[in-house]
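# Architecture at a glance
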Amino acid sequence: MAEVTWRALQTSAVALHENGKTREARRVAEAAVSAAGTDDERDESRLTLAWVCHQLGDRARSAQLVLDVRDLRADCLRGLLLCHDGNHAAAIPVLEAAIADPELDLRWQANALVGLGVSAIFLRKFTMADEALERAYEIYRGLGELERAATCKHNQGFAAAEAGDLPRALELYDAAAIDETRRPEVLVDRAKALLDCGLLREAGVALTRAGRLLGAAGRGPAYADAMLTYGWCCLRAGNPAAARTAASMIDLPEASALDAHARIAVGEAVDIDAIAEMCDPAVAARLRLAAAKPELVALERFSRHPQLRALGWLAQAQLAETRGAVLAACRAGLRSNPRSVELAQTGRSAVTSPRAVFAWIERERAALDNTDRLPTATEVVEALGDNSLLSFYIHNGLTSAVAIIGGRFTTHELGQVDLAAVRAALTLVATTNQGQVAAGHALRALDEQIFSKIDLPHRPVVILTRDLHQIPWSALPSLQDVPVTTAPSAAHWLDAEGPVPEGHLWVAGPRLKHAETEARALHREHGGVLLTGNNATVDAVRAAMAEAGTAHIAAHCVHKPRAPLFSALELADGPLFGHHIARLGRLPARVVLSACESALDLPRVFLDNGTRSIVASTLPVADERVSELVTDLHRRLALGADTASALAGAHPGLGFVVIGR
């Protein structure tokens, strides 16, 4: 029988670890240490064993093994372990010193760059992170270690996700294409991006699989991260019982905090003091706020950390006894964390003047949209000119609106708006051309609820809540034949200003009866680029959109409610996802989506990334009626009509709306 060499054992230990078989990797690494014939071999195996022990949660053994090695590699691993433990500020100088030493070999230099990149992400130094990970990627590729290079690409995706650039994050995760069975932690990163996109169910599925794989591999710290994230996912989805079950599987203070949040969510009285004392300060602050103890958090407003400081100001706003004090606290907190929806909502609830309500609604929308764009009331009034604006919002569970008509701001409480009856009636008419009486009744009731309290606006711009995006506004009796534009925020509407360049793109996707005939007819009349049949691929459409002024896409839409980055247009070779669209450097100024319910989510991606106006339907629509509408629409646009006027004249009542300008 052939003798098992040190090199074979060492190689096997590394491979087992990288394949997720961490417990077995420990046994083989220990054998490699015993089989080493030289000090250098023994040190290399000790470092491998130290990393494996650390992954399995045996921190004491790991630390001793590192101390037993006295060369540059040990310093590098020490920095990597600091990074893995979350001591990122301490890790960075250790790793930078290791990288700067010319004696450190290339493989360990790349390892150190990965650790540097990861620590930089957690310290929100995203440029440093991306540069370090790109350098590591190039080194690994040069060494032929393609799996490690893919990990760098994945970590760049994680950096993009933490920076708020979810489209780039998803693109990089896809490019990395790491085998999740070998590295289950990549599932956790993707799940966190899915959570940020609003895809709770999909995130839950990914986290369940990650937990199973990590548990089987004995990867204690990574397993705890997966289960904690899964628990918070369950809580956000309204399932506190499942959140408690996930928390029970982890022996960490943060798990106790999750359990306490779940119990508070169902109305239990929870003694959170001992739990909060053991937790990270931000986790403790959120727990104390959930337990209605803002007095224990208010002093955090003097913290050096922006997120914690914002929570302190939120607590101070909750303790404030006057409107002025509430608003002062909210403004201070938003300077620390402009993305705090809670602070924006608290400020909006405290103001009474219509002009101030409008300004705080826009703050709230900016926080939700992760943007710094905050238009002033004066800016909006000047841009409106003779037009009017209605900005809807939810207050105490009821729909309200701010109207700007003739430069004057007014607020109106509209009550509980029942959209289900309106959509059901309109869908029946749109798909079967029956039920007009019931649809007319539903529309008149909604029209009365809104416009009995608001003077009929001239050429209104309608700023909508998420649910109100489902309504075909031009079908309301008071708005028939009136050019109406909708938008997710006043900032979106303002930014949509500008001319539409020349050049048309006509696209027909599969399985849509009218699509190819419609696209070919429009191409004959208006010219431009035509993509139909097998030519209408994802890459071809993306490339053509970057050159077009107007894009007309007749394709089935796949909807992901509240997650437009994962909504898609069905093309010849697969889905064109929202996150694919968001990564294009240039989009058409005008987009017409000629398909059922195309207004429900995808238009937001176009508008967020440079498109100025989108025409799309809020309802299912019969194919032949769509073709009539869009033919008339494009003729009016060719004659110089603006988008809202062209749609109003073409055929109101089919469910199509203008989003943007």
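Heads up: the structure comes first, above all this text.
What comes next is a walk through the structure.

Reading the values: rules and limits
- Residues numbered from 1 in each chain as written.
- Predicted model: local features only at pLDDT ≥ 70, side-chain atom pairs only at ≥ 80, totals over all residues.
- Heavy atoms only, no water.
- Axes fitted to C-alpha atoms, helices over the stretch in contact; angles between N-to-C directions.
- Helix = DSSP H or I, 4+ residues; strand = E, 2+ residues; numbered from the N terminus.
- Parallel < 35°, antiparallel > 145°, perpendicular 65-115°, else oblique.
- Left-handed = near helix turned anticlockwise from the far one by under 90°.
- Contact = heavy atoms within 4.5 Å.
- Nonpolar A, V, L, I, M, F, W, Y, C, P; charged D, E, K, R; others polar.
- Buried < 20%, exposed > 50% of the residue type's maximum accessible area, 1.4 Å probe, protein only.
- Pairing = 2+ DSSP bridges.
- Core = buried A, V, L, I, M, F, W, Y, C linked by side-chain atoms within 4.5 Å.
- Phe/Tyr/Trp six-rings, centres within 6.5 Å; stacked < 30°, edge-to-face > 60°.
- Lys NZ or Arg CZ within 6 Å of the ring centre and 35° of its normal.
- Salt bridge = Lys/Arg side-chain N within 4 Å of Asp/Glu carboxyl O.
- Expected span 1.5 Å × (residues − 1).
- Polar contact = N/O pair within 3.5 Å; in protein donor to acceptor, adjacent residues only side chain to side chain.

The interhelical angle for the contact between helix α12 (residues 200-217) and helix α13 (residues 220-236), taken along N-to-C directions, is 155°, at an axis separation of 9 Å. Here α13 runs roughly antiparallel to α12, going by the angle between their axes. As α12 runs across α13, the sense of the crossing is left-handed. Of the residues in α13, those in contact with Leu-200, Ala-203, Gly-204, Leu-207, Thr-208, Ala-210, Gly-211, Leu-214 and Gly-215 of α12 are Ala-222, Tyr-223, Ala-226, Met-227, Thr-229, Tyr-230, Cys-233 and Arg-236. Among the residues making up the contact of α12 with α13, the classes are represented as eleven nonpolar, five polar and one charged.

Here we take up the pairing of strand β14 (residues 656-660). Buried residues dominate β14, accounting for five of its five residues. Here two bridges tie strand β5 (residues 485-487) to β14, and the two strands are oriented parallel to one another. The residue bridging Thr-486 from the neighbouring strand is Ile-659, located in β14. Of the strand pairs in this sheet, strand β13 (residues 613-617) and β14 are connected by five bridges, and their pairing is antiparallel. Bridge assignment links Ser-613 to a residue of β14, and that residue is Gly-660.

The subject of this paragraph is the nonpolar core. Core analysis: the biggest nonpolar cluster contains 106 residues, and Met-545 and Leu-593 have the highest contact counts within it. Filtering out sequence-adjacent residues up to four positions away, Met-545 remains in contact with Leu-505, Ile-553, Leu-576, Ile-581, Leu-584, Arg-586, Leu-587, Pro-588 and Phe-606. Counting residues in hydrophobic clusters, the runner-up holds 36 residues, among them Val-297, Ala-298, Ala-350 and Ile-361.

Moving on, we come to the packing of aromatic side chains. Two aromatic rings, taken as a pair, are described by how far apart their centres are and by the angle between their planes. Under the defined criterion, the tally for this structure stands at three aromatic pairs. Judged by centre distance (5.4 Å) and plane angle (35°), the ring pair of Phe-392 and Trp-473 falls under tilted. Remark: Trp-473 occurs in the loop between β4 (460-463) and β5 and Phe-392 occurs in strand β1 (residues 388-395); sequence separation between them is 81 residues. For the pair shown, Phe-392 and Trp-473 are each scored as buried. A cation over an aromatic ring shows up here: Arg-301 above the ring of Trp-313, its NZ or CZ 5.6 Å from the ring centre. The ring of Trp-493 has Arg-661 lying over it, and the distance from NZ or CZ to the ring centre is 3.8 Å.

Reading across the sheet, the eleven strands line up as β3-β2-β1-β4-β5-β14-β13-β12-β8-β6-β7 and stay open at both edges, with mixed pairing between neighbours. Either end of the sheet is taken by a strand with one partner, and the two such strands are β3 (408-415) and β7 (529-531). For this sheet, the mean inter-axis angle between neighbouring strands, taken without regard to orientation, is 20°. One ladder, built from four bridges, connects β1 with β4; its direction is parallel. Directly across from Leu-389, in β4, lies its bridge partner Val-461.

Our focus in this paragraph is the pattern of salt bridges. As enumerated under the stated definition, the model contains 42 salt bridges in all. Here Glu-24 ties to Arg-27 by a salt bridge, and the two come within 3.7 Å at their closest N and O atoms. You can see Glu-24 and its partner Arg-27 sitting in helix α2 (residues 22-35), three residues apart, about one turn around the helix. The exposed category is assigned to Arg-27, whose relative accessible area is 51%. Residue Asp-259 is joined to Arg-263 by a salt bridge in which the shortest nitrogen-to-oxygen separation is 3.8 Å.

Moving on: unusual backbone geometry. Even without being a glycine, Ala-177 presents a positive backbone phi close to 50°. Mapped onto the elements, Ala-177 comes out in the loop between α10 (166-176) and α11 (185-196). Using a relative accessible area of 59% as the deciding quantity, one classes Ala-177 as exposed. For Asn-396, which is not a glycine, the phi torsion comes out positive at approximately 55°. Here Asn-396 lies in the loop between β1 and β2 (398-405).

Okay, the sheet that holds strand β9 (residues 557-558) next. With antiparallel pairing, the three strands of this open sheet are ordered in space as β9-β10-β11. Looking at which strands have only one partner, the edges of the open sheet turn out to be β9 and β11 (574-577). Bridge count between strand β10 (residues 568-571) and β11: four bridges; the pairing is antiparallel. The residue bridging Glu-570 from the neighbouring strand is Pro-575, located in β11. Contacting β10 and β11, helix α27 (residues 538-545) crosses the sheet at an angle of about 30° to β11.

What follows deals with the side chain of His-580. Tracing the chain through its elements places His-580 in helix α28 (residues 578-582). Using a relative accessible area of 19% as the deciding quantity, one classes His-580 as buried. Ignoring sequence-local partners within four residues, the contact set of His-580 consists of Val-538, Arg-542 and Pro-575.

Closest axis-to-axis distance for the helix α17 (residues 281-290)/helix α18 (residues 306-319) pair is 10 Å, and the angle between their directions is 20°. Classified by the angle their axes make, α17 and α18 are roughly parallel. Once α17 is placed against α18, the crossing between them reads as left-handed. Across the interface between the two elements, Pro-281, Ala-282, Ala-285, Arg-286 and Leu-289 from α17 touch Leu-308, Leu-311, Leu-314, Ala-315 and Gln-318 from α18. Taken together, the residues that form the contact of α17 with α18 break down as eight nonpolar, one polar and one charged.

Its 13 residues give helix α1 (residues 6-18) an end-to-end C-alpha distance of 18 Å, which sits within 8% of 18 Å, the value for a rise of 1.5 Å per residue. For α1, every residue scored as buried is listed here: Trp-6, Leu-9, Gln-10, Ala-13, Leu-16, His-17 and Glu-18. Taken together, the buried residues of α1 touch α2, α3 (39-55) and α9 (146-162). Phi turns positive one or two residues past the end of α1, at Gly-20, with a value near 85°.

Time to look at the environment of Thr-5. In this fold, Thr-5 is placed in the segment before α1. We classify Thr-5 as partly exposed; its relative accessible area is 39%. Sequence-wise, Thr-5 and Thr-431 are 426 residues apart; in three dimensions their C-alpha atoms are separated by 73 Å. One polar contact links the side chain of Thr-5 to the main-chain amide nitrogen of Ala-8, over a distance of 3.1 Å.

A few words now on the environment of Ala-246. Along the chain, the position of Ala-246 falls in helix α14 (residues 240-248). The class of Ala-246 is buried, set by a relative accessible area of 1%. A sequence separation of 38 residues divides Ala-246 from Thr-208, and the C-alpha atoms of the two residues are 10.0 Å apart.

Purely geometric numbers; function is a separate question.
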